[in-house]
Amino acid sequence: LLSQPEVNSFEVQDDQRAIVANSIAVLIVDDEPSAREDLVRKTRRLGYLAIPCDSGSTAIELMQRMPFDICLVDMQMPDMDGMEFIRKVKSKPRLAHIPIVVVSGSCSDATGSQAIEAGAADYLSKPAQIEVLKARISYCLRSSEQRRNELAKFLPANIAHDLLSDDSVLKKPKFCDISVMVCDIRGFSKICETRHPGDTIRWISDVMNSLSELILQSGGTIVDYVGDEVMAMWGAPVESDNHPEVATMCALELQKEVDRLSEKWLPELQAP
């Protein structure tokens, strides 16, 4: 894949897919060879894996087969213009999360605004200055990373990754069988009455971070934090048959962790 100047075939091999998956991959869509090569050269100078193709339809096929991090697209193309390309990508649940930056010689502020309204993340004019291109790509990658980190606070890593690629499961209400666990700190109010607020924040943060990590490692989803309480569930958003057993095993691990935390903080709190 890296040795091919263009990607026009839908035959994507597993090793090629792996290369893209392990890199920050930028898909460049432009029917004009010189403009396409200019973007490829500059993108690779920035240290990213640049994959060029010459049409919107080819780009969508590739995006459905390989995990791209961002897409740069021209506005004027014969088979599908940039606006239509953006709308089609954003209408597909498994592609909608990919940031699209319009790079076009005809990209005025008005056209750029229309592209953003259609779902594009940003726009810039040809020929793209490498400093501006770097800033646009970096911004899009930071936004994706921020979203990934937000999901990872409440969901197991593998589920957070899948939802980043397709969050439709969160938008379709459904009935399912789940196990819910509630865990709060015994004597929390009494202990807090004797502590400085800053000290309370330190130890409650340590406790909640430790318990939350165990919940996520077990495949649980953190539903909410309420004061000194954490609520978690198993069996959603991804269904499972053994969620009662997994939830129970996690509860037992939390008890062990609470014993460790209690011993750790006893000298300072003077209470279990």
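Data block above holds the structure.
Small disclaimer: the values here were computed from a predicted structure and weren't measured.

Analysis parameters
- Residues numbered from 1 in each chain as written.
- Predicted model: local features only at pLDDT ≥ 70, side-chain atom pairs only at ≥ 80, totals over all residues.
- Heavy atoms only, no water.
- Helix = DSSP H or I, 4+ residues; strand = E, 2+ residues; numbered from the N terminus.
- Buried < 20%, exposed > 50% of the residue type's maximum accessible area, 1.4 Å probe, protein only.
- Contact = heavy atoms within 4.5 Å.
- Areas by Shrake-Rupley, 256 points an atom, 1.4 Å probe, with all protein chains shown as cover.
- Pairing = 2+ DSSP bridges.
- Axes fitted to C-alpha atoms, helices over the stretch in contact; angles between N-to-C directions.
- Expected span 1.5 Å × (residues − 1).
- Salt bridge = Lys/Arg side-chain N within 4 Å of Asp/Glu carboxyl O.

Caption draft 1: Region of interest: the overall build of the protein chain. Within the protein chain, the regular secondary structure consists of ten helices and eight strands. A burial count over the protein chain gives 44% of its 272 residues as buried. Pairs at least 24 residues apart make up 65% of the contacts formed inside the protein chain by residues separated by at least 6 positions. As displayed, the protein chain has an accessible area near 14900 Å², and 52% of this comes from carbon and sulfur atoms.

Caption draft 2: Structural context of the sheet that holds strand S6 (residues 179-184). An order of S6-S8-S7 is seen for the three strands of this open sheet, with the pairing classed as antiparallel. Each edge of the open sheet is held by one strand with a lone partner, namely S6 and strand S7 (221-226). Averaged over all neighbouring strand pairs, the angle between strand axes comes to 20 degrees, with direction disregarded. Summarising the sheet, S6 and strand S8 (residues 229-234) pair through six bridges and their orientation is antiparallel. Across the sheet, residue serine 179 finds its bridge partner in S8, namely tryptophan 234.

Caption draft 3: Region of the structure containing helix H2 (residues 33-45). Given a rise of 1.5 Å per residue, 13 residues ought to cover 18 Å, and the 18 Å separating the end C-alpha atoms of H2 matches this to within 8%. What H2 keeps buried is the set Ala35, Arg36, Asp38, Leu39, Val40, Lys42 and Thr43. Next to the buried residues of H2 lie strand S1 (25-29), strand S2 (49-53), strand S3 (70-73), strand S4 (100-104) and helix H6 (130-152). A positive backbone phi angle near 95 degrees is found at glycine 47, which sits one or two residues after H2.

Caption draft 4: Looking closely at the pattern of salt bridges. For the structure shown, the criterion picks out 13 salt bridges. Across the pair glutamate 61 and arginine 65 runs a salt bridge, and its minimum N-O distance is 2.5 Å. With glutamate 61 and arginine 65 both in helix H3 (residues 56-65) and four residues apart, the pair spans about one turn of that helix. One salt bridge in this structure joins glutamate 257 and arginine 260, with 2.6 Å as the shortest N-O distance. Placement of the pair is glutamate 257 and arginine 260 together in helix H10 (residues 243-269), with a separation of three residues, close to one helical turn. Through salt bridges with shared partners, a single ionic network connects Asp30, Asp74 and Lys126.

Geometric values such as these leave the question of function open.
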